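Single-letter residue listing:
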Amino acid sequence: MLWQPALDDDYLRLTPAELGARISARRRELGAKLVILGHHYQTDEVIQHADFTGDSLKLSQLAAGQVGGGGAAGGDGDGAKYVIFCGVHFMAETADMLTPEGVRVILPDMSAGCSMADMADYEEAVEAWGLIDAALKGQGFKGRVIPVTYINSTAAIKAFVGQRGGAVCTSSNAQFVMEWALRGGDEPLKAGERVKVLFLPDQHLGRNTSAKLGIEVATGTVVYDPRKTARGEPLGGATPEQLMSATTILWAGHCSVHKLFKPEHVLAIRAAEAELPRAERTKVLVHPECLREVVELADLDGSTEFIIKTLRSAAPGSRWAVGTEVHLVMREAAEAAKRGVSVRILSECQCLCTTMYRIDQPHVLWVLDELAKVELGVKGARVPNVVSVHPEARRWGLVALERMLRLSVPIELLGKGGGATGGAKAAGGGAENSGARGSRGGQRARGERPVESATAAAGVAED
Ligand code: SF4
């Protein structure tokens, strides 16, 4: 976890209403110089200040669009020059990779990490790569391993994947990206060649996606646990034979929020409604970061955007139990209630993303106050909490991101300059494609260089 200095008591003494008013006032002062992004899992207090809401990739693409595509040369196109990302650290890294270099991406609380992303460490991934390769060669494997990483991963892991012919995926397109990998990725399969996918860091998304592709979970997937390797177990607890038989090698990471949903939560709903006509029963809708057993029992599973779309188009009178982060579910429940749709969370446990919860109004106001000082030229003032990805990690991370973007979105979203391979950070995606809550006119971004945060700089070593 990155270190975040404590805020002055003044911030903590303000009421939510006072904080909200002061944030709004600062917003007016700073005008179009900044854009605030709010991830779906944020609290309502934070979301009310967001220009855009969405999932991590959509927000990063929107950020790239809002800053005006100044390009890698310095971001001097029209648009915001500060992006305040109310999400978690890996999301701010992705936004930094997709925006021009003159744009500062700010995480209001540096301790807002993601437990899942933290479960895949670059050095451990390099070690696993070598061990898996040696074990497969020992088994006479003729083929390639292509790494795929969920976007919920560090910039260093995205770079690890990009450097080895792999791609990033989201929960919306994981199936599509895995199919691409199994076809050989960017290098078509040769006769007799086989491909295995190393899926990082979420074993559940990897397992659920494999099952959707018809891969037999028991024999066609195997878990590699780096903690077991660290404890001296060979191959992260897998055997060479299991690796040889598997199509998908699953990294042993998980989301600490989604793993709280259990099969018994679904079964309890089913039991309570066993006497009801089928059409009146509660439908269970879950995110694919949930356990395989939960997804198997659910009526529907899909990404955050899929969940939102499904609930917003649900028929009046229908009832839904949703297995994902509580703030999103409660917000959708309030919206749905106006249309006569009943939405509840699948489990009564506190299924909230505690790290994202660290972003709150006091931290947002503190960031805006510091930016105002910078803009006024106050001596000693500096842009706070800049998340800046190391150039080498950016280069290869963008390769992995662009492979995914080419597979899943119109090519114009890749923006000017051809992205990583062309040396430019990608830009594009506009408010018209989004869940925009409003957009403002552009502001000329200046050619400032981002401050390299030692902790945020995800260095990539050659393996
Ligand atoms: S909900 Fe899970 S995967 Fe998403 S940011 Fe929080 S810990 Fe990470």
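All of these numbers come straight from a predicted model, not from anything done at the bench.

Chemist: Mind showing me how you'd approach the overall build of the protein here?
Modeler: Helix and strand counts for the protein stand at 20 helices and 13 strands. Looking at the protein as a whole, 50% of its 463 residues qualify as buried. Within the protein, counting contacts between residues at least 6 apart in sequence, those at least 24 apart form 73% of the total.

Chemist: Is there a simple way to think about the packing of helix α4 (residues 56-66) against helix α5 (residues 89-98) in this case?
Modeler: Helix-helix packing: each pair is described by the crossing angle between the helix axes and the interaxial distance. Running from N to C, α4 and α5 point in directions that differ by 35 degrees, and their axes come no closer than 9 Å. Relative to α5, α4 is oriented so that their crossing is right-handed. When α4 is examined against α5, the residues Ser56, Leu57, Leu59, Ser60, Gln61, Ala63 and Ala64 are found in contact with a partner set consisting of Met91, Thr94, Ala95 and Leu98. Across the contact of α4 with α5, the residue classes tally to 7 nonpolar, 4 polar and no charged.

Chemist: Just checking my understanding: could you explain the site of the ligand for this structure?
Modeler: Around the ligand lies a shell of 13 residues, among which Cys114, Met116, Cys255, Val257 and Cys353 are the nearest. Tallied by class, the residues present in the shell around the ligand amount to 8 nonpolar, 4 polar and 1 charged.

Chemist: Quick question: what am I supposed to make of the nonpolar core here?
Modeler: Ranked by internal contacts, the top residues of the largest apolar core, which has 125 residues, are Leu37, Val83, Ile84 and Phe85. Here this core takes 8 residues from helix α19 (residues 391-408), the largest share from any one element.

Chemist: I tried to follow the environment of Ala95 on my own but got confused; where do I start?
Modeler: Among the structural elements, Ala95 can be located in helix α5. Measuring from C-alpha to C-alpha, the distance between Ala95 and Ile106 comes to 9.6 Å, with 11 residues separating the pair along the chain. Look past the residues within four positions of Ala95 in its chain and what remains in contact with it is Leu59, Ser60, Ala63, Val83, Phe85 and Val105.

Chemist: Any chance you could explain the sheet that holds strand β7 (residues 194-200) here in plain terms?
Modeler: Pairing between the strands of a sheet comes from backbone hydrogen bonds, and it takes one of two forms, parallel or antiparallel. A sheet is described by the order of its strands in space; here 5 strands give the open sequence β6-β5-β7-β9-β8, paired in parallel fashion. Here the strands that pair on one side only, and so sit at the sheet edges, are β6 (167-169) and β8 (221-224). Across the sheet, the mean angle from the axis of one strand to that of its neighbour is 30 degrees, orientation sign disregarded. Two strands pair when backbone bridges link them, and strand β5 (residues 143-150) and β6 are joined in this way by 3 bridges, in the parallel orientation. The residue bridging Tyr150 from the neighbouring strand is Cys169, located in β6. Packed onto the sheet, helix α10 (residues 203-212) meets β5, β7, β8 and β9 (248-251) and runs at close to 155 degrees relative to β9.

Chemist: I tried to follow the sheet that holds strand β4 (residues 104-106) on my own but got confused; where do I start?
Modeler: In spatial order, the strands read β2-β1-β3-β4; together these 4 strands make up an open sheet with parallel pairing. Each edge of the open sheet is held by one strand with a lone partner, namely β2 (52-54) and β4. On average, adjacent strands in this sheet sit at an angle of 25 degrees to one another, irrespective of strand direction. In this structure, strand β1 (residues 34-39) lies alongside strand β3 (residues 82-86), joined through 5 bridges in parallel fashion. Following the sheet pairing, Val35 is matched in β3 by Val83.

Definitions and cut-offs
- Residues numbered from 1 in each chain as written.
- Predicted model: local features only at pLDDT ≥ 70, side-chain atom pairs only at ≥ 80, totals over all residues.
- Helix = DSSP H or I, 4+ residues; strand = E, 2+ residues; numbered from the N terminus.
- Buried ≥ 20, exposed ≤ 12 C-beta atoms within 10 Å, placed from the backbone.
- Contact = placed C-beta atoms within 7 Å.
- Axes fitted to C-alpha atoms, helices over the stretch in contact; angles between N-to-C directions.
- Left-handed = near helix turned anticlockwise from the far one by under 90°.
- Nonpolar A, V, L, I, M, F, W, Y, C, P; charged D, E, K, R; others polar.
- Near = placed C-beta within 6 Å.
- Core = buried A, V, L, I, M, F, W, Y, C linked by C-beta atoms within 7 Å.
- Pairing = 2+ DSSP bridges.

These results come straight from atomic positions and should not be treated as a statement about function.
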